[in-house]
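A closer look at the structure
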Amino acid sequence: ASLSLRRLAKAFEVNRVVDAIDLEVADGEFVVLVGPSGCGKSTILRMSAGLETPSDGVVTLEGAR
């Protein structure tokens, strides 16, 4: 399945934890998110899976929002 993240952002009250992420993952590609603790990796994955609602931006999976 293809995945598209456009201007994806997440804020918890006044803390912006993810800020305007753009990412394209084609069908069959393997992607790894790396970074220090607290940088937003899990939040991006949760928004991509539909478990967390983005504050801004669009998540598209196989062309469907």
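Here the structure is shown first, and the text comes after it.
Just so it is clear, the model here is predicted, and its values are computed rather than measured.

Here we look at the pattern of salt bridges
- Under the defined criterion, the tally for this structure stands at five salt bridges.
- Among the ionic pairs, Asp22 bridges to Arg6, the shortest N-O distance being 3.8 Å. You can see Asp22 sitting in strand β2 (residues 15-25) and its partner Arg6 sitting in strand β1 (residues 3-12), a full 16 residues away along the chain.
- A residue is classified by how much of its surface remains accessible, and Asp22, at 44% relative accessible area, is partly exposed.
- Residue classification places Arg6 among the partly exposed positions, given a relative accessible area of 37%.
- One salt bridge in this structure joins Glu24 and Arg6, with 2.3 Å as the shortest N-O distance.

Re helix α1 (residues 41-49)
- Every buried residue belonging to α1 is among Thr43, Ile44, Met47 and Ser48, and all of these are buried. Buried residues along α1 cover an arc of 135 degrees about the axis, so they all sit on one side. Away from its buried face, by an angle of more than 90 degrees, α1 presents the exposed residues Ser42, Leu45 and Ala49.
- In this structure, the buried side of α1 is in contact with β1, β2 and β3 (56-61).
- Looking at the residues trailing α1, positive phi occurs at Gly50, about 85 degrees.

Points about the layout of surface pockets
- Taken as a whole, the largest pocket encloses approximately 180 Å³ of empty space.
- In terms of lining residues, the largest pocket is bounded by Leu3, Leu5, Leu23, Val25, Glu29, Val31, Val32, Leu33, Ile44, Leu45 and Ser48.
- The element that contributes the greatest number of residues to the lining of the largest pocket is α1, accounting for three residues.
- Looking at side-chain class alone, the lining of the largest pocket contains nine nonpolar, one polar and one charged residues.

Some details on the environment of Ile21
- Positionally, Ile21 belongs in strand β2.
- Considering only alpha carbons, one finds Ile21 and Arg6, 15 residues apart in sequence, at a separation of 6.4 Å.
- Here Ile21 is in contact with Leu5, Arg6, Arg7, Leu8 and Ile44, once residues within four sequence places are set aside.

Concerning the nonpolar core
- In terms of nonpolar packing, the biggest core is built from eight residues, these being Leu3, Leu5, Leu8, Val18, Val25, Ile44, Met47 and Val59.
- Among the elements of the structure, β1, β2 and α1 are those that each provide at least two residues to this core.
- The element contributing the most residues to this core is β1, with three residues.
- Residues contacting Val25, with those up to four places away along its chain left out, are Ala1, Ser2, Leu3 and Val31.

Parameters at a glance
- Residues numbered from 1 in each chain as written.
- Predicted model: local features only at pLDDT ≥ 70, side-chain atom pairs only at ≥ 80, totals over all residues.
- Heavy atoms only, no water.
- Salt bridge = Lys/Arg side-chain N within 4 Å of Asp/Glu carboxyl O.
- Helix = DSSP H or I, 4+ residues; strand = E, 2+ residues; numbered from the N terminus.
- Buried < 20%, exposed > 50% of the residue type's maximum accessible area, 1.4 Å probe, protein only.
- Arc of directions from axis to C-beta.
- Contact = heavy atoms within 4.5 Å.
- 1 Å grid on protein atoms, 1.4 Å probe; cavity = no way out; pocket = protein on both sides within 12 Å on 5 of 7 lines; lining within 4 Å.
- Points joined across faces, edges and corners; volume = space filled by probe spheres on them.
- Nonpolar A, V, L, I, M, F, W, Y, C, P; charged D, E, K, R; others polar.
- Core = buried A, V, L, I, M, F, W, Y, C linked by side-chain atoms within 4.5 Å.

Interpretation in functional terms is not warranted from these geometric data alone.
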